[in-house]
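# Tertiary structure, described
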Amino acid sequence: MKRILRGAVLPVLVFALWEAGSRAGLLPMDTFSRPSDIVLAFAAGVSDGSIPLATWLTAQAALVGFAIAAVAGILVGVILGLSPFLERTVGPSIEALRPVPAIALTPLTLLLFGFGLRMEAAVVAFACVWPVLIVTVAAVRGIEPRLLEVAQALELAFPARLRKIILPAALGRIVVGLRVAVSISLIVAVTVEIVMNPRGLGYGMIIAQQSLQPALMYAQLLWLGLLGWGLNALLTRAFGQWHGAFGPGVSP
Amino acid sequence: MKRLPWLGAALFAAGLLVLWQVLADRQFISQVFFPSPSRTLSELYRQLASGQLWKPLEATAFRMFYGWALASLAGVVLGAAIGFSRTARDYLEPTLEFMRPLPASAVIPAAILFFGLSNSMTVAVIAFGAVWPVLLASVHGFASVERQLMEVAAALRLSRAQLFLKIAAPSALPDILAGARVSLAIALILAVVTEMQASQTGLGQNILLAQRSFRSPELYAGVVTLGIMGFAINQAIVVLERRLLRWRGSHE
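Residues numbered from 1 in each chain as written. Chains lettered and ligands numbered in written order. Predicted model: local features only at pLDDT ≥ 70, side-chain atom pairs only at ≥ 80, totals over all residues.

Turning to the overall build of chain B, a few remarks are in order. Within chain B one finds ten helices and zero strands. Taken over C-alpha atoms, the radius of gyration comes to 23 Å for chain B, far larger than the 18 Å a tight globule of 252 residues would show. Along the three orthogonal principal directions, the C-alpha set of chain B runs to about 75 × 60 × 30 Å. Burial status across chain B gives 40% buried among its 252 residues. (Helix = DSSP H or I, 4+ residues; strand = E, 2+ residues; numbered from the N terminus. Rg over C-alpha atoms; globule rule 2.2 N^0.38 Å. Buried ≥ 20, exposed ≤ 12 C-beta atoms within 10 Å, placed from the backbone.)

One broad rule of soluble globular proteins: the nonpolar side chains tend to lie buried together. Ranked by size, the top nonpolar core spans 124 residues in total, and within it V124 of chain A together with A187 of chain B carry the most contacts. Excluding residues within four positions of it along the chain, V124 of chain A makes contact with A61, A62, G65, F66, S185, V188 and A189 of chain A. (Core = buried A, V, L, I, M, F, W, Y, C linked by C-beta atoms within 7 Å. Contact = placed C-beta atoms within 7 Å.)

A few words on the interface of chain B and chain A. Across the contact, 44 residues belong to chain B and 45 residues belong to chain A. Looking at the side of chain B that touches chain A residue by residue, the classes come out as 33 nonpolar, nine polar and two charged. (Nonpolar A, V, L, I, M, F, W, Y, C, P; charged D, E, K, R; others polar.)

Here we come to the packing of helix 9 (residues 203-212) of chain B against helix 10 (residues 216-244) of chain B. All names here are of chain B. Running from N to C, helix 9 and helix 10 point in directions that differ by 160 degrees, and their axes come no closer than 8 Å. Put simply, helix 9 runs roughly antiparallel to helix 10. Handedness of the crossing formed by helix 9 with helix 10: left-handed. Together, L203, N206, I207, A210 and Q211 of helix 9 and E218, L219, G222, V223, T225 and L226 of helix 10 make up the contact between the two elements. In terms of residue class, the contact of helix 9 with helix 10 is made up of six nonpolar, four polar and one charged. (Axes fitted to C-alpha atoms, helices over the stretch in contact; angles between N-to-C directions. Parallel < 35°, antiparallel > 145°, perpendicular 65-115°, else oblique. Left-handed = near helix turned anticlockwise from the far one by under 90°.)

Per-chain confidence: chain B averages 86 in pLDDT, with 96% of residues scoring 70 or above. Mean pLDDT in chain B bottoms out at helix 7 (residues 147-155) of chain B, which sits at 82, and peaks at helix 3 (residues 54-84) of chain B, which reaches 92. (pLDDT = per-residue confidence, 0-100.)

One non-glycine residue, S33 of chain A, adopts positive backbone phi at about 55 degrees. Its location among the elements puts S33 of chain A in the loop between helix 2 (29-32) and helix 3 (35-47). Here S33 of chain A falls in the buried class, since 23 other C-beta atoms lie within 10 Å of it. Its identity is not glycine, yet Q27 of chain B carries a phi of approximately 65 degrees, on the positive side. The topology assignment puts Q27 of chain B in the loop between helix 1 (4-25) and helix 2 (37-50). Residue class for Q27 of chain B comes out exposed when judged on the 8 C-beta atoms lying within 10 Å of it.

Given below as C-alpha cells:
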C-alpha cells in the first residue's frame, strides 16, 4: 500500500503543478496546455470517434506488419536453424541487412507502395522480422537432436515435422522473439506515421501540434502511453503464463 | 575445408547482387525503385570522392552522440538511485514504467512545441528514447551487486560514496555497457527519424530529399551508409566493452 502511494506521488505532483502553473499563467498555454483541457480534448476525441479510428489504423498497420514478420521470421528461421549449411551461407547477408534502421526504409516503401497501410506494414515487418528470425534460428538449433531423429525415423514429411515436432519444441523460445516484435511493431507504426504516413495516432499528434491544439496532442500522447503500457503488461502476463505452462527442460 | 563456409557466404551475397544487377540492367525490375547495385555504388563513390558524404554523416553522428551521452548520463544516475535505494525506487518506478513503452518518436510533436525545429529538439528526443536500455541495465547492475562485496565494504567501513565508486560502480559496469550499446543503436535510429521530421542536416534528411526527387541511387546510397554506420558503431562498443571489462577476465 505504501509503495503504491509513493508511486503516485510523482505523477500527482506533476499534474497538480502543471494545472496550477497554467492557471496562474506561469506556463504558456500554447506549449504546455493544461491537464483539465487535455482530459476534455480526449473526451471530445473519443466521442467524435477520431481517437478510436486513429487507434485502429495504427493497430492495424502494427498487426499486419507483425503478422508478416512472424510468419516470415519463423519460416526462414526454421529453415536456417535446421540447415547449418544454409545458415552459414545466408547468415552473413542477413547480418548485413540487420543494422539498417527500419525507418530509413520509409522513403523507399513510399516509392514502392505510396501512402497507406501497405507501406507502413512493410516498414513494421522489416523492423519486427529480426528478433523473430534470430530467436527462431537459436530455438530450432537448440531442439533436442533425439526429437529430430524420431521425426526422421517416423518418416514424417516436412510440414508434419514442422507442425508436430519442430514448432512445439521451439515455441517456448520463439515466443520470446515474438514478444519483442510486438512491442517494436507499435513503436515503428507510430514512428512511420509521424515521419511520413498520413494516418493513425502518430499523424493525429503531428496534425494537432501543427494546428496549435496542444491539448489534443497531449491527449493522444498520453493515450498512446497508456496503450503501450497496457500492451506491455498484457504481454508480460501472457508470456509469464506461457513460460510456466511450457515448463523448463523441453528446450534447453 | 575451414575456409569454405566463408566462401559460400560471400558467393551467396555476390550472387544476390549480380542477380539484382542483371535484372535491373535488363529492365525486369524498375530502375526507379530498384536501381542496380552498380549505380548505387557509383553514387556512393561520387559522394565519397567529392566529400559530400561527410557533412551529413558528421551531423548525424554528432546528434546521435550527444543524445546518447545525455541518455547514458541520465540513465546511470537514475539507475544508480533506483538500484541503490528502495525509497527512490518506490517513488520513481511507476512513473518510469508508464513512460518506458511510449514510442520515443511520439514525443517529437511535444518536443517541437518546446524546442522548435532545432538541434536541441532532436537531441532531447534521442535522449528520451535512448535512456531506457541504459536505465534498466544500470538499475539491474546496481541492484545486483554481490552480497559478499557489500559485506567486504561493510567490514572495511567504506563510506557510502566510497562504496559507490569502488564497489558498486565497477560491478555494475558490464550491465551499464550492455545497456549503452542498445541505447546507441536506438540513438542512431532516432537521429534519422528526428532529422526527417525537423529538416536538420543529416543522413536521414538526405534520404528523404532523395526520395522526394526520385533520385533512388542516392536513396540507396544513404541506406547503405546508415547500415554501415550502425554496424561500425556496434563493433566499436563491443571492442570498448572488451577493453573496459578486461579486469573481469580472470574471474571467468
